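# Examining the three-dimensional arrangement
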Amino acid sequence: MSLPHAILTALLEKPSSGLELTRRFDKSIGYFWSATHQQIYRELGKLEAEGFIRTLPAEQPARGQKKSYDVLPAGRAELARWTSASQDPRPHRDTLLLRMRAAAVVGTEGIEADLRRHLALHQRQLAEYEEIEQRDFPPGKDSSQDRLRHLVLRAGLDLETFWIQWLTHALDEFADLPGGEKA
């Protein structure tokens, strides 16, 4: 049930229309909790039906005008309940790791090139996170909210750093494999 909570979080940060919410989602929460625009719009309808959010009254009635949403007290209470509840970590599922395991059985053709592609993707993502950190978290920006948001970004930075190190190590291992095992 995390997507509704992600939406409640974003709306508490700033009441938004569905379109504004999906754009903001793509630039922040979407880095660690992805959702399609259709999923977000579907959840907005469910959250409204459950009494967690409401449509803000339009300043001027107009056909086809975008609806803006705001969180109701019940939505804030639900988010607080969910935030304070204990949750166990979920097992990590990654197809690249599964493919590496399978390559030990059927051969490694194509894997090395994909490791290099993944390395480049993680390097780009790390650079993007570093830009966000410089832009959004300059020295002295240390309110409680900023510190918690920075911790989330820090997790992204650390994960990208981990993957870059692991992929570099994996590529070094590939370079050392005897020729017969690579085919």
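Sequence order as written defines the numbering, with residues in each chain counted from 1. Local features in this predicted model are restricted to residues of pLDDT 70 or higher, and side-chain atom pairs are both shown and tallied only at a pLDDT of 80 or more, whereas totals for entire chains, interfaces and linings draw on every residue. For side-chain calculations, the full set of non-hydrogen atoms in the structure is used, while hydrogens and water are omitted.

### Quick look at the packing of aromatic side chains
Where we set the bar: Aromatic pairs are defined between Phe, Tyr and Trp rings, using the six-membered ring for Trp, whenever the two ring centres lie within 6.5 Å; interplanar angles under 30 degrees are classed as stacked, those over 60 as edge-to-face, and all others as tilted. Exposure is judged per residue with a 1.4 Å probe applied to protein chains only, and the accessible area is read against the type maximum: over 50% gives exposed, under 20% gives buried, and values in between give partly exposed. Runs of H or I in DSSP of at least four residues are treated as helices and runs of E of at least two as strands, each being numbered from the N terminus. Lysine NZ or arginine CZ positioned within 6 Å of the ring centre and within 35 degrees of the ring normal marks a charge as sitting over the ring.
For the structure on display, the rule yields 3 aromatic pairs. Geometrically, the ring pair formed by Phe162 and Trp163 is edge-to-face, given 5.1 Å between the ring centres and 70° between the ring planes. Look at Phe162 and you get partly exposed, because its relative accessible area is 40%. Measuring from ring centre to ring centre gives 5.7 Å for Trp163 and Trp166, while their planes differ by 80°; the resulting arrangement is edge-to-face. Linking Trp163 with Trp166, this pair stays in helix α7 (residues 144-176), spanning 3 residues, or about one helical turn. Residue classification places Trp166 among the partly exposed positions, given a relative accessible area of 24%. Taken together, the ring pairs in this structure connect Phe162, Trp163 and Trp166 into an aromatic cluster. Positioned over the ring face of Phe137 is Lys141, at 5.8 Å from the centre of the ring.

### Focus on the packing of helix α5 (residues 95-106) against helix α6 (residues 111-136)
Packed helices, taken two at a time, are described by their axes: the angle between them and the distance between them. Put simply, the test is: Axis lines are fitted to C-alpha atoms, over the contacting stretch for helices. Their N-to-C directions set the angle, which ranges from 0 to 180 degrees. Angles are sorted into four bins: roughly parallel if under 35 degrees, roughly antiparallel if over 145, roughly perpendicular if 65 to 115, and oblique for all others. In a left-handed crossing the near helix is turned counterclockwise from the far helix by less than a right angle, and in a right-handed crossing that turn is clockwise. Contacts are residue-level and defined by heavy atoms, with any inter-residue pair within 4.5 Å sufficient. Lys, Arg, Asp and Glu make up the charged group, whereas Ala, Val, Leu, Ile, Met, Phe, Trp, Tyr, Cys and Pro make up the nonpolar group; the residues left over, Gly among them, are polar.
The contact between α5 and α6 brings their axes to 11 Å, and the two run at 160°. Here α5 is positioned roughly antiparallel relative to α6, judged by the angle of their axes. The way α5 lies across α6 gives a crossing that is left-handed. Residues Leu96, Arg99, Met100 and Ala103 of α5 touch α6, and the partners they reach there are Ile111, Asp114, Leu115 and His118. Here the contact of α5 with α6 is composed, by residue class, of 5 nonpolar, 1 polar and 2 charged.

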